[in-house]
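The lines below spell out each chain.
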Amino acid sequence: MKQLKTAFRSLTQRICRELEGQAIPKRPVWTVVNPPGVAPYVALDVERPALSDLRFTLSIGLLKMPEYGVVAEAVENDPELREGIIVDAGGFLRKPERTNLTRALVMNFLWRYLGEGVRLDWDETRFAETFKELREELRRKSVVLHTTLPLSNLKMDINALDFSDEIKLLPASIEELEQWINRDRSLPPLGAGPPEWNNLYVDKPAVLHARQLVVGRPPSTDPGAVLSQLPRVNADHAITALRLVMNAPISVIFQEHDSEGLMAFVGGGTSWGWSPPPLGPLATLNQEKATQVIHIWQRLQTSPNIDHLRLPLRRWESSLLRPNIEDKLIDAWISLEALLLRGLEGELTYRAAVRLAEFLGASGVDRKAIYDAAKISYTWRSVVVHAVSTKSKRVKDLTKRLPLQEAVQLTTEYLRSALLKLLDLPIQFDPGRLESDLLGRD
């Protein structure tokens, strides 16, 4: 390590000499201004230092410096580093290779020493502290993987919501909003590409952050093992809890992946779906709702009925996200049938309506209203599935009794209430007992 430290000092001093007195170029950047008492808005900052350009220039220039060659040779000769110096996106430890991997390690060190481009002078104490960090991280052989998931249709009215030590919900930071508004167009998009960020969608939109410690391990020659061992983030329960409490079509707009640490490979990645969710009206998450979200998130992991709820929850979420009301109704009834009937055959309209009324109704009047609405809704389901003409007498009669739009709204509300109630049940749910419970009531 002594030889390596000497080589790093020489290179760092060379970099500082070249940067001394150098003016950092500026690049106009769209940013978000949030003055007190005024709604946030997008404005152009023409005085923004182009620090990413500085880092790129440094990285390219390294290969031409003899001091870098000395560092690369010292890395290759150090017995502690032969096992690996970079942890890649798959969590695999990579050995020194001076064109890319060693250069990534060196740039991570230089960028941390330079304070990400704002402290360009030579300082022996700062160098010693940075090299100590490098030595410790090389011995730990780990990085922190960050996954960022901006969510559609949800605004934060609180500072943070912690699901766990690894998953947190935060309002989008100014830096994140800048990155999404100022899209990098240097590469052609794959498929539809990431969505255009709505410039009006800058008032504390909710963003899920997942954090994982990834310890580097030797690369595997088994492709199946590689795929099974890739670091993964499962935010499904958090998003389901948010949807259930907020009753809003909250979705992941896209995912960003980045790693933190001196052994992290340079750069991150973004993934997105073929049809990004629309940025519609915002539901607002306040402290009261946040408490409910955490409760539901916990029940999604501990409820004795979770196995019974998997299909109904999936279909309810599908119904929530669909733009077409007929599709919403079909998904809602698939969910209700799985919830209440469990493959029961025979006359289903009556059974489903009675069981739903008994499960949700707080009084005889409530149960009768739920029963009547559910029967009409189930008839609408049959009309939709069998493509009955909208001009038929049957459809006209149904519309007079309960229009399709209202039937869909009531059905999805009943379904959501049933899911929430079932999640809170302390015992296993048996839908077959609902009719006997109704008949046995005094």
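Everything below is about the structure shown above.
> How should the overall build of the protein be read in this particular structure?
Helix and strand counts for the protein come out as 16 helices and eleven strands. Whereas a compact globule of 442 residues would reach a radius of gyration of roughly 22 Å, the protein reaches 29 Å, over 25% beyond that. Dimensions of the protein, computed from the C-alpha atoms along their principal axes, are close to 90 × 45 × 40 Å. Counting only residues that meet the buried cut, the protein has 45% of its 442 residues in that class. In the protein, the share of contacts with a sequence separation of at least 24, taken over all contacts with a separation of at least 6, comes to 73%. For the protein, the exposed area adds up to about 23100 Å²; of that, 53% sits on carbon and sulfur atoms. Of the charged side chains in the protein, 56 are positive and 56 negative, and the gap between their average positions amounts to 3 Å.

> How should the pairing of strand β5 (residues 142-156) be read in this particular structure?
If a strand is regular, its side chains alternate between the two faces of the sheet. For β5, the tally of buried residues reaches 13 of 15 residues, placing the bulk of the element in the interior. As judged from the ten bridges shared by β5 and strand β8 (residues 205-215), these two strands associate in the antiparallel manner. Following the sheet pairing, V144 is matched in β8 by L213. In this sheet, strand β9 (residues 255-260) lies alongside β5 in antiparallel orientation, the contact comprising five bridges. Looking at the pairing, H146 lines up with D258 of β9. The sheet contact formed by β5 and strand β11 (residues 283-285) spans three bridges and is parallel. From the neighbouring strand, L154 faces β11, where its bridge partner is A283.

> Could you clarify how one ought to interpret helix α4 (residues 101-113) in this entry?
Because each turn of an α-helix spans 3.6 residues, side chains separated by three or four positions in sequence point in the same direction. In a regular helix each residue adds 1.5 Å, so 13 residues correspond to 18 Å; α4 covers 19 Å between its end C-alpha atoms and thus fits that length. The buried fraction of α4 amounts to twelve of the 13 residues, a majority that puts the element mostly inside the structure. Check the buried side of α4 and you find it contacts α1 (2-19), α2 (51-62), α3 (66-77), β3 (86-87), β4 (93-94) and α5 (124-140). Of the residues flanking the end of α4, it is G115, one or two places downstream, whose phi is positive at about 60°.

> For this particular structure, what's the right way to read a nonpolar patch on the surface?
Side chains of W30, L44 and V46 sit close together on the surface and give an oily, nonpolar patch of about 280 Å² of accessible area. Summarising the element assignment, L44 is placed in strand β2 (residues 41-45).

> I tried to follow the nonpolar core on my own but got confused; where do I start?
Most often, soluble globular proteins have nonpolar side chains that are buried together. With 72 residues, the main nonpolar core has L154, F163, L169, L208 and L285 as its most contacted residues. Ranked by residues supplied to this core, first place goes to helix α15 (residues 404-424) with nine residues. Leaving out residues up to four positions away in the same chain, L285 has contacts with L154, K155, M156, D157, I158, L161, L169, L242, M246, A290 and V293. Among the nonpolar cores identified, the runner-up in size contains 43 residues, and L58, A74, V75 and V87 belong to it.

> So what exactly am I meant to see when it comes to the environment of V202 here?
Within the secondary structure, V202 sits in the loop between α6 (174-181) and β8. Separated by 196 residues in the primary sequence, V202 and T6 have C-alpha atoms spaced 47 Å apart. For V202, the residues in contact, after removing those within four places along its chain, are V32, P40, V42, L177, I181 and W197.

> It is not clear to me how the pattern of salt bridges should be interpreted in this structure. Could you clarify?
Any two side chains of opposite charge can pair, so long as their charged atoms come close to each other. Across all of its chains, the model carries 22 salt bridges by this definition. Residue D424 is joined to R299 by a salt bridge in which the shortest nitrogen-to-oxygen separation is 3.9 Å. Of this pair, D424 sits in helix α15 while R299 is found in helix α9 (residues 287-302), placing the two residues 125 residues apart along the sequence. Residue class for D424 comes out partly exposed when judged on its relative accessible area of 39%.

> Explanation requested: unusual backbone geometry in the structure shown.
A negative phi angle characterises most non-glycine residues, just as the trans form characterises most peptide bonds. Phi at K141 takes a positive value of approximately 55°, unusual for a residue other than glycine. Turning to its location among the elements, K141 is positioned in the loop between α5 and β5. A relative accessible area of 13% places K141 in the buried class. Despite not being glycine, N247 shows a phi value in the positive range, around 50°. In this fold, N247 is placed in the loop between α8 (236-246) and β9. Residue classification places N247 among the partly exposed residues on the basis of a relative accessible area of 37%.

> Just checking my understanding: could you explain the layout of surface pockets for this structure?
Which parts of space are left empty comes out when a probe the size of a water molecule is rolled across the atoms. Within this model, the second largest pocket holds a volume of roughly 280 Å³. Along its surface, the second largest pocket is lined by N153, P249, S251, P277, P278, G280, P281, L320, L321, R322, P323 and K328. Split by residue class, the lining of the second largest pocket holds seven nonpolar, three polar and two charged.

> Just to check I follow, could you spell out the packing of α8 against α9 for this structure?
The axes of two packed helices give the description: the angle between them and the distance between them. Close contact between α8 and α9 brings their axes to 8 Å; oriented N to C, the two are set at 130°. One element, α8, and the other, α9, form an angle in the oblique class. Here α8 and α9 pass one another in a crossing that is right-handed. Contacts between α8 and α9 pair H237, A238, T240, A241, L242, L244, V245 and M246 from the former with K289, Q292, V293, I296, W297, L300 and Q301 from the latter. Of the residues contributing to the contact of α8 with α9, the split by class is ten nonpolar, four polar and one charged.

Conventions we followed
- Every residue gets a number counted from 1 within its own chain, in the order that chain's sequence is written.
- Only residues with pLDDT of at least 70 are given local features in this predicted model, and only at 80 or more are side-chain atom pairs given and counted; all residues enter the totals for whole chains, interfaces and linings.
- As a rule here, side-chain values cover all heavy atoms of the structure and leave hydrogens and water aside.
- Counting from the N terminus, the helices are DSSP H or I runs at least four residues long and the strands are E runs at least two residues long.
- Atoms counted for the radius of gyration: C-alpha only. Globule rule: 2.2 Å times residue count to the power 0.38.
- Exposure classes here rest on a 1.4 Å probe applied to the protein chains alone. A residue is buried below 20% of its type maximum, exposed above 50%, and partly exposed in between.
- Contact criterion: two residues are considered in contact whenever any of their non-hydrogen atoms come within 4.5 Å of each other.
- Working definition of accessibility: Shrake-Rupley area with a 1.4 Å probe, residue cover restricted to the visible protein chains.
- As used throughout, the charge tally considers Lys and Arg to be positive and Asp and Glu to be negative, leaving His and the chain termini uncounted.
- Here the site of a charge means atom NZ of a Lys, CZ of an Arg, CG of an Asp or CD of a Glu.
- Pairing between strands requires that DSSP locate at least two bridges from one strand to the other.
- Here, expected helix span is obtained from the residue count minus one, scaled by 1.5 Å.
- Each patch is built from residues that are more than 30% exposed by relative accessible area and take part in no salt bridge. Like charges join if they lie within 9 Å; nonpolar side chains (Val, Leu, Ile, Met, Phe, Trp, Tyr) join within 5 Å.
- The salt bridge definition used is simple: a Lys or Arg side-chain nitrogen within 4 Å of an Asp or Glu carboxyl oxygen.
- To qualify as a nonpolar core, a set must consist of buried Ala, Val, Leu, Ile, Met, Phe, Trp, Tyr and Cys residues joined through side-chain atoms within 4.5 Å.
- In the cavity and pocket records, a cavity denotes points on a 1 Å grid over the protein atoms alone where a 1.4 Å probe fits but cannot get out, a pocket denotes an open set with protein on both sides within 12 Å along at least 5 of 7 lines, and lining residues are residues with an atom within 4 Å of a point.
- Grid points are joined across faces, edges and corners, and a volume is the space filled by probe spheres set on the points.
- Three residue categories are used. Nonpolar comprises Ala, Val, Leu, Ile, Met, Phe, Trp, Tyr, Cys and Pro, charged comprises Asp, Glu, Lys and Arg, and polar comprises the others, including Gly.
- The axes are straight lines fitted to the C-alpha atoms, using for helices just the contacting stretch, and the angles between their N-to-C directions are given from 0 to 180°.
- In these notes the angle categories are as follows: under 35 degrees is roughly parallel, over 145 is roughly antiparallel, 65 to 115 is roughly perpendicular, and the rest is oblique.
- Handedness of each helix crossing follows the sense of rotation of the near helix against the far helix: counterclockwise by less than a right angle gives left-handed, clockwise gives right-handed.

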